[in-house]
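Read off the chains here:
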Amino acid sequence: MTSLYDVPVTRLHGVGEERAKALAGMGIKSVGDLLEYFPSRYEDYRVRDLTQVKDGERVTLLGTVYGQPSVRFYGKGKSRISVKLVMDRVVVTAVWFNQSFVKNKLVPGKEILVTGKWDRHRLQITVSEVAEADSERAARRGDLAPVYSLRGDVTHALLRRLMMQALRQYGQEIQEILPEEIVRRYRLLPRSQAIQAIHFPKDAESGRQARRRIMFEELFLFQLKIQALRRINRQQTEGRAMSIPMEEVRQFVRSLPFPLTDAQKRVVKEILDDMRAPYAMNRLLQGDVGSGKTVVAAIALLAAVKAGFQGALMVPTEILAEQHLHSLENLLSPCGVQVALLTGSLTAKQRREVLGSLQMGLVDVVVGTHALIQEDVFFSRLGLVITDEQHRFGVEQRRILRSKGLSPDVLFMTATPIPRTLAITAFGDMDVSTIDQMPAGRKPVVTCWRKHEQFPAVLEEMRAELRRGRQAYVICPLIEESEKLDVQNAIDVHAQLMQTFPEFRIGLMHGRLSAKEKDAVMHAFLSGEYHVLVSTTVVEVGVNVPNATYMVIYDAERFGLAQLHQLRGRVGRGSEQSYCVLIADPKTEIGKERMRIMCETTDGFELSQRDLELRGPGDFFGTKQSGLPEFKVADLVSDYKALEVARQETARLVADPSFWQEERYRELREYLRREGVLDGIVFD
């Protein structure tokens, strides 16, 4: 049977070359495209009882014209027509503005259908649409009419007419695409019925059921693509099953000066299971600031080395690389693991020594910045690649590092808690491990919200903390003064604090500094040379300053919850109680709610879920950067349970050999082929 995606829209009556071009501008080239161009909402043309209509509501009324219409002209080309309508013994006034042509339709004694805004106090309707009672539209006066997103010369009237025609001519040819057992298990409408009802619902309930079916289908097909790609990648990637001496790994874990949390144990098992499997690991490890990702990375690196491979850890900044080097040396050196540093700051001689040792296999683990992906870096036997704060590296940078070995296992780490909804969508091609538990004894950061006029009192609190020998951050959203935005800027705040705290040394860091300058400022702060660091959000990622116990975030309403939480994570990294003060005067309820949420919880995953609900998925990630799909009907926030179900069902389906062979799954395989997932793929 011919697919409706192969039937050009020009087969429909009234669609010539010009109209086809206009429809193509909306992505509609075939009848299949047209039928899947779903409405965003509905106009309610059902005739209502006036006693149930609220003031200001849009309403459709059926009435009889009573008397002659009154026409009044005022100004250039402006007019007002009014006429009395009788309905159920009630007389209301119908008014049209600048539509003098409707006068001819207003014949006394004639029944008409009017739609518009209801003024309950005046018993008046301001009409936007009118039809005679015996017209086609009036015959459908019980309808919920679809409202579409339009472009160019395409009108609603045209699109509705074409949609009706397409359903009449081709409705019987709409193929079911979901497996029969899925439709039955989740009590979904058949596809043809759902497409009919989503465009022209009989009532609100049939519209809801149609949306539910189409929403699930969208999420199911999206997850099917991801799960199929994962299976194909695993089949085509020549991974290596590492022979890991597990007793040595267990001995290392027992030797740690602290016990692993249950969450750490769980993710370590997931990672080691992947490393021992015959395919290349592709896993995302997410965990809140301070949840213990570094020790998990150390266990994975030790396992790779003991299995006879080398490991690489790539981080975004040199100072972070140095901190990771010291952590890994302390953990791994007692086990005989050689750890080296590779950054742009090495001398030519140091660099040659590290490169030679890497190539000869004398270095087991290398920690570095983007210097790791330069052309002259070669490994002896690279088996595990870890990237920290993975969103800071481009896809191409990560690919180059991966290419340094023969299909090495790859672990991406991030301290940005991502709601599960987005993790299984944006990172659907990866397995996701989550450390959702904090180590025992860690003191949560005390967070409070202050108004701008309370800033002097906040500075006095900071002074007391500095006098105890502690250090502080002050975070600002801008570098320099802006005429457009009334927000405090880093340079001004730095100057103000220099005057307020003459007895303390104040550092300044922002995005216009070079990487070397930023590292120099951070080194000075880390070593205690600066007591206070004024910074923009460039301080957000990764550096560990245990003595910093106080943070002020200026104009905090300008940041999302996830970013505020990341910034707050720079303090509370030592044994002393730490504090975070949000300076903000939010003008909106959402802004005020953000401040309240920040003060109520320090759980990054709860915050990220609340942030997603407040902002939406596109704002949370930045849609272009994240590659999040744009669904026609589904919503990642409100439909997250359906997304999870779709993921589970499609994972089970693609793992079943019958999926790739049996006739009942032909439509799904055709969908994957249309999407380019199966290009050149033949399954046994």
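Sequence order as written defines residue numbering, which begins from 1 separately in each chain. Per-residue local features are limited, in this predicted model, to residues with pLDDT of at least 70; the limit for side-chain atom pairs, both in listing and counting, is 80 or more; totals at the level of whole chains, interfaces and linings are taken over all residues. The side-chain figures draw on all heavy atoms in the structure; neither hydrogens nor water molecules are used.

Tallying secondary structure elements over the chain gives 24 helices and 20 strands in all. Relative accessibility thresholds used throughout: buried, under 20% of the residue-type maximum; exposed, over 50%; partly exposed, between the two (1.4 Å probe, protein chains only). Going through the 684 residues of the chain one by one, you find that 51% of them count as buried. Taking contacts inside the chain between residues at least 6 apart in sequence as the whole, the part at least 24 apart equals 72%. Using the Shrake-Rupley algorithm and a 1.4 Å probe, accessible areas are obtained, with residue cover drawn only from the displayed protein chains. Total accessible area computed for the chain in this model is approximately 32,700 Å², and 48% of it derives from carbon and sulfur atoms. Runs of H or I in DSSP of at least four residues are treated as helices and runs of E of at least two as strands, each being numbered from the N terminus. Only heavy atoms matter for contacts: two residues are in contact if any of them lie within 4.5 Å across the pair.

Summarising the element assignment, Arg 570 is placed in the loop between helix H18 (561-568) and strand E20 (579-583). Residue classification places Arg 570 among the buried residues on the basis of a relative accessible area of 2%. Each C-alpha atom of the pair Arg 570 and Met 551 lies 8.3 Å from the other, and the pair is 19 residues apart in sequence.

Our focus in this paragraph is the packing of helix H11 (residues 318-332) against helix H17 (residues 515-526). Lines fitted to the C-alpha atoms define the axes, with helices restricted to the stretch that makes contact. Angles between their N-to-C directions range from 0 to 180 degrees. Taken N-terminus to C-terminus, the directions of H11 and H17 make an angle of 45°; their axes are 9 Å apart at the nearest point. Judged on the interaxial angle alone, H17 and H11 are oblique. Within the contact between the two elements, H11 uses Glu 318, Ile 319, Glu 322 and Gln 323 and H17 uses Asp 519, Met 522, His 523 and Leu 526. Its residues assigned to classes, the contact of H11 with H17 comprises three nonpolar, two polar and three charged. Between 65 and 115 degrees an angle is taken as roughly perpendicular, under 35 as roughly parallel, over 145 as roughly antiparallel, and anywhere else as oblique. When residues are grouped by polarity, Ala, Val, Leu, Ile, Met, Phe, Trp, Tyr, Cys and Pro land in nonpolar, Asp, Glu, Lys and Arg in charged, and all others, Gly among them, in polar.

It is worth spelling out the packing of aromatic side chains at this point. Between rings of Phe, Tyr and Trp, where Trp is taken as its six-membered ring, a pair exists when centres lie within 6.5 Å; planes separated by under 30 degrees are stacked, by over 60 edge-to-face, and by other angles tilted. This structure, assessed with the given rule, holds 10 aromatic pairs. Between the aromatic rings of Phe 222 and Phe 631, the centroid separation amounts to 5.6 Å while the plane-to-plane angle is 85°, which identifies the pairing as edge-to-face. Here Phe 222 is found in helix H7 (residues 204-236), whereas its partner Phe 631 is found in the loop between helix H22 (623-626) and helix H23 (640-654), with 409 residues between them in sequence. Among the aromatic residues, ring-to-ring pairing joins Tyr 186, Phe 216 and Phe 220 into one connected group.

Running from N to C, helix H10 (residues 293-306) and H11 point in directions that differ by 60°, and their axes come no closer than 10 Å. In terms of their interaxial angle, H10 and H11 are classed as oblique. Our pair here, H10 against H11, has a crossing hand that is right-handed. Side by side, H10 and H11 meet where Thr 294, Ala 298, Leu 301 and Leu 302 of the first sit next to His 324, Ser 327, Leu 328, Leu 331 and Leu 332 of the second. Take the far helix as the reference: if the near one is turned anticlockwise from it by less than a right angle, the crossing is left-handed, and if turned clockwise, right-handed.

Right, let's get into the side chain of Thr 601. Here Thr 601 lies in the loop between helix H19 (589-600) and helix H20 (604-615). On the basis of relative accessible area, Thr 601 is assigned to the buried category, the value being 11%. In this structure, Thr 601 is in contact with Arg 568, Glu 606 and Leu 607, ignoring residues within four places of it in sequence.

Moving on, we get to the sheet that holds strand E3 (residues 79-87). Paired through backbone hydrogen bonds, the strands of a sheet run either parallel or antiparallel to each other. DSSP-based pairing: two strands are paired if at least 2 bridges between them are found. The mixed closed barrel is built from five strands, whose spatial order is E2-E3-E4-E6-E5. Within the sheet, the average angular offset between the axes of one strand and its neighbour, ignoring direction, is 55°. Sheet analysis places E3 next to strand E4 (residues 90-97), joined by eight bridges and oriented antiparallel. Counterpart to Ser 82 in the pairing with E4 is Val 95.

With that out of the way, let us pick up the sheet that holds E20. Taken together, the six strands give an open sheet; going across it, the order is E15-E20-E19-E16-E18-E17, and neighbouring strands pair in parallel fashion. Looking at which strands have only one partner, the edges of the open sheet turn out to be strand E15 (446-450) and strand E17 (506-509). Averaged over all neighbouring strand pairs, the angle between strand axes comes to 15°, with direction disregarded. By the bridge criterion, five bridges tie E15 to E20 in an arrangement that is parallel. Residue pairing across strands places Cys 448 opposite Val 581, the latter belonging to E20. Where H18 meets the sheet, its contacts fall on E15, strand E16 (471-475), strand E19 (548-554) and E20, and the angle it forms with E19 comes to roughly 150°.

This brings us to helix H16 (residues 490-500). Residues Ala 490, Val 493, His 494 and Leu 497 constitute the buried set of H16. Around the axis of H16, the buried residues are gathered within 105° of arc, so they sit on the same side. Its buried side turned inward, H16 meets helix H15 (455-467), E16, E17 and strand E18 (532-535). Arc, as used here, means the arc of the directions from the helix axis to the C-beta atoms.

Moving on, we get to the pattern of salt bridges. Criterion for a salt bridge: a side-chain nitrogen of Lys or Arg within 4 Å of a carboxyl oxygen of Asp or Glu. Counting across every chain of the model gives 37 salt bridges. A salt bridge links Arg 468 to Glu 465, with the shortest nitrogen-to-oxygen separation between them at 2.5 Å. For Glu 589, the salt bridge goes to Lys 592, with nearest N and O atoms at 3.7 Å. Pair noted here: Glu 589 and Lys 592 are both in helix H19, with a separation of three residues, about one helical turn.

A separate point is the side chain of His 199. For His 199, the position within the fold is in helix H6 (residues 191-199). Looking at His 199, the relative accessible area reads 0%, which means it is buried. Polar side-chain contacts of His 199 include one of 2.9 Å to the side chain of Tyr 148. Excluding residues that lie within four positions of it along the chain, His 199 makes contacts with Leu 34, Leu 35, Tyr 37, Phe 38, Pro 39, Tyr 42, Pro 146, Tyr 148, Met 163 and Leu 167. For this analysis, a polar contact is any N or O atom pair within 3.5 Å, provided that within protein one partner can donate a hydrogen and the other can accept it, and provided that sequence-adjacent residues contribute only side-chain to side-chain pairs.

A word on the environment of Gln 286. Within the secondary structure, Gln 286 sits in strand E8 (residues 282-287). C-alpha of Gln 286 to C-alpha of Ala 415: the two residues are 129 residues apart in sequence and 5.9 Å apart in space. Setting aside anything within four residues of it in sequence, one finds Gln 286 in contact with Lys 293, Thr 414, Thr 416, Pro 417, Ile 418, Ala 423, Val 432, Ser 433, Thr 434, Ile 435 and Phe 605.

Residue count minus one, scaled by 1.5 Å, sets the expected span of a helix. For H15, built from 13 residues, the straight-helix expectation of 18 Å at 1.5 Å per residue is met to within 8% by its first-to-last C-alpha distance of 18 Å. Buried within H15 we find Phe 455, Val 458, Leu 459, Met 462, Arg 463, Glu 465 and Leu 466. Relative to the axis of H15, the buried residues are bounded by an arc of 165° and lie together on one face. For H15, exposure combined with an orientation more than 90 degrees from the buried face picks out Pro 456 and Arg 467. Downstream of H15 by one or two residues, Gly 469 has phi in the positive range, about 90°.

On to the pairing of strand E9 (residues 310-314), then. With five of five residues buried, E9 is to be regarded as a mostly interior element. Side chains of E9 alternate between two faces, with Gln 310, Ala 312 and Met 314 and Gly 311 and Leu 313 buried alike. Pairing between E9 and strand E11 (residues 365-368): four bridges, direction parallel. Each bridged residue has a counterpart across the sheet, and for Gly 311 the counterpart in E11 is Val 365.

Okay, unusual backbone geometry next. What is expected of a backbone is that most residues other than glycine have negative phi and most peptide bonds are trans. Of note in the backbone geometry, Asn 98 takes a positive phi value of approximately 55° without being a glycine. Structurally, the position occupied by Asn 98 is in the loop between E4 and strand E5 (111-119). Judged by relative accessible area, which is 44%, Asn 98 ranks as partly exposed. Non-glycine residue Arg 187 carries a positive phi angle of around 50°. Position of Arg 187 among the secondary structure elements: in the loop between helix H5 (180-185) and H6.

Across the chain, the average pLDDT comes to 86, with 90% of residues at or above 70. Each residue carries a pLDDT score, the predictor's own confidence in it, on a scale running from 0 to 100. Across the chain, element-level confidence peaks in E20 with a mean pLDDT of 96 and bottoms out in H22 with 44.

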